[in-house]
Amino acid sequence: MQALQSRAAAGRPLCQHRCAVWTRRSRLQPVCQISSTTEVAVHTEGLVFSRGSSGAWDSAAVGNPVVRCYMGDNEQRWYMWYSGSSAPLAGLAGVAPATGSIGVAVSHDGIDWLRGDGLVEGHRGSAKDGDVGVVLGPNSDSWWALDTCHLAVSDVQVLSNSSVSSGVGVYWMFYSGGDFEPVPAPPGLPGAAAGDAVEGLRMRPGLAMSQDGRNWARIEADHHTWALFDVGEAGQWDAAYIGHPQVLAAGPRDMRMYYHSFDAAAGKFKVGLATSKDGFQWSKAGPVFEGGAAAGDFDAAGAAACQVVRDPDSRQFLMFYEAVAADGSRSIGLATSADGRSNWKRCSQPILQPNDAADAWDAGGVGAPCAVAMSEGKWRLYYAGRQQQQGPWEGIGVALGGPGEGGGVLSFKRRTGKKQQQGEQQQQTLGELQ
């Protein structure tokens, strides 16, 4: 697809793919804020981004970090797209703990972040670098759309001709969105009683595009809700919802979307795969990973939000996933595959668990992983956390890692308060494949 060219139509700015651009005025919070609005003192090991200030759009929930670092002019430019809400939706904490709207924050080091408590201003020139806040909210213009109730970001990439034949230097945002149609909760779904009518539960995958990462245009896909594809038919494993769609551009005309759903028949979360040649037309390939099989496994209830990346050194596929235990607790697991499609081999233990300190900000659970490859085999693992086992995500943390003893499985440890270098020169540049 050629670079987006917006034009006005029917009183709203539109692009050549029939997509409405979501723009509003905003009120910026011109400071780097990492403190929580919670008055009770908490253990903050690993925490780099907490809930917004009172009255902010993300004052009640923050999560789903999508972190990217771009190199240019001898400096690092870090961006974090994330989801947040000032009023979490009932019944969705078990499947989308931070869904609501989507915002962007910026940083010079990926640790101290500049955030906004309102909507982006739409600045140009040098002022654009500090233009932060909400970039996409629930669709109030089109009642039939997939995201009238809420939406949550799950991936942002800059795709070039090498990855998609029709894309040239454009930001692609993949997200999940839900509408206001009440849907009965399937038996066993965490956070909702079986049969409860839950608004926003039937989430579908959406796509938006941008030239600057701040001003986004929704893409109207073929489904009547503009979704890239629909949930499964009744009785199928993904009939409940399509959650956290994350895309890997594995090669020319080889795009793979990993998403999760709750299989009511099996009583567990599963990760599925869909494939595409152009990023617009998708074909489902079925579930590919479901965590452990033993009742005592840390992921006995399945695998939820995940991120699949290619290891820059070994070239094997790594799946960082939100592991759900039988008691509903969340940790982060790791699985590997030679081809990224099948034969996923899971590590027997999580790579990041809830903090042992009872007063820690992430003592209740961790999830929604986003791994960033650094130099010399090092990694940063951004993740969402909460203090209680139930409820919305309450902050975003980072753990630092690399190969374990003997060069084995990756090992991670929460970042402490002091600056830790560990060879952290970012490895990827604008437009490179992940």
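Residues numbered from 1 in each chain as written. Predicted model: local features only at pLDDT ≥ 70, side-chain atom pairs only at ≥ 80, totals over all residues. Heavy atoms only, no water.

- As annotated in an unreviewed UniProt entry, the protein is Glycosyl hydrolase family 32 N-terminal domain-containing protein from Tetradesmus obliquus.

### Considerations on empty space enclosed by the protein
Phase 1 of the analysis: Counting across every chain of the model gives 6 cavities of 30 Å³ or more.
Phase 2 of the analysis: Looking at the second largest cavity, its volume works out to about 140 Å³.
Phase 3 of the analysis: If you go around the second largest cavity, you meet 19 residues; those closest to its centre are Asn64, Val95, Ala96, His244 and His260.
Phase 4 of the analysis: When residues of the lining of the second largest cavity are traced back to their parent elements, those giving at least two are strand 10 (150–159), strand 16 (243–251) and strand 20 (303–310).
Phase 5 of the analysis: The leading source of residues in the lining of the second largest cavity is strand 10, at 3 residues.
Phase 6 of the analysis: By residue class, the composition of the lining of the second largest cavity is 10 nonpolar, 7 polar and 2 charged. (1 Å grid on protein atoms, 1.4 Å probe; cavity = no way out; pocket = protein on both sides within 12 Å on 5 of 7 lines; lining within 4 Å. Points joined across faces, edges and corners; volume = space filled by probe spheres on them. Helix = DSSP H or I, 4+ residues; strand = E, 2+ residues; numbered from the N terminus. Nonpolar A, V, L, I, M, F, W, Y, C, P; charged D, E, K, R; others polar.)

### Thoughts on the sheet that holds strand 21 (residues 317–324)
Phase 1 of the analysis: Spatially, 20-21-22-23 is the arrangement adopted by the 4 strands of the open sheet, whose pairing is antiparallel. In the strand order of this sheet, the two ends are held by strand 20 and strand 23 (345–346), each with one partner. (Pairing = 2+ DSSP bridges.)

### Focus on the sheet that holds strand 16
Phase 1 of the analysis: A sheet is described by the order of its strands in space; here 4 strands give the open sequence 16-17-18-19, paired in antiparallel fashion. Of all the strands in the sheet, the pair left with one neighbour each is strand 16 and strand 19 (283–289). Strand-to-strand twist in this sheet, taken as the mean axis angle between neighbours without regard to direction, amounts to 30 degrees.
Phase 2 of the analysis: Direction of pairing for strand 18 (residues 268–276) relative to strand 19: antiparallel, over a ladder of 5 bridges. By the bridge assignment, threonine 275 is partnered in strand 19 with serine 283. (Axes fitted to C-alpha atoms, helices over the stretch in contact; angles between N-to-C directions.)

### Side note on the nonpolar core
Phase 1 of the analysis: Counting 24 residues, the largest nonpolar core has Trp81, Leu136, Met173 and Trp216 as the members making the most contacts within it.
Phase 2 of the analysis: Residue assignment for this core shows that the elements contributing at least two residues are strand 5 (61–72), strand 6 (75–85), strand 7 (101–107), strand 9 (133–136), strand 10 and strand 11 (170–178).
Phase 3 of the analysis: In terms of residues, this core owes the most to one element, strand 10, which gives 4 residues.
Phase 4 of the analysis: If we ignore the near neighbours within four places in the chain, the residues touching methionine 173 are Trp81, Ile102, Val135, Leu136, Val153, Asp155, Val156, Gly206, Leu207, Ala208 and Trp216. (Core = buried A, V, L, I, M, F, W, Y, C linked by side-chain atoms within 4.5 Å. Buried < 20%, exposed > 50% of the residue type's maximum accessible area, 1.4 Å probe, protein only. Contact = heavy atoms within 4.5 Å.)

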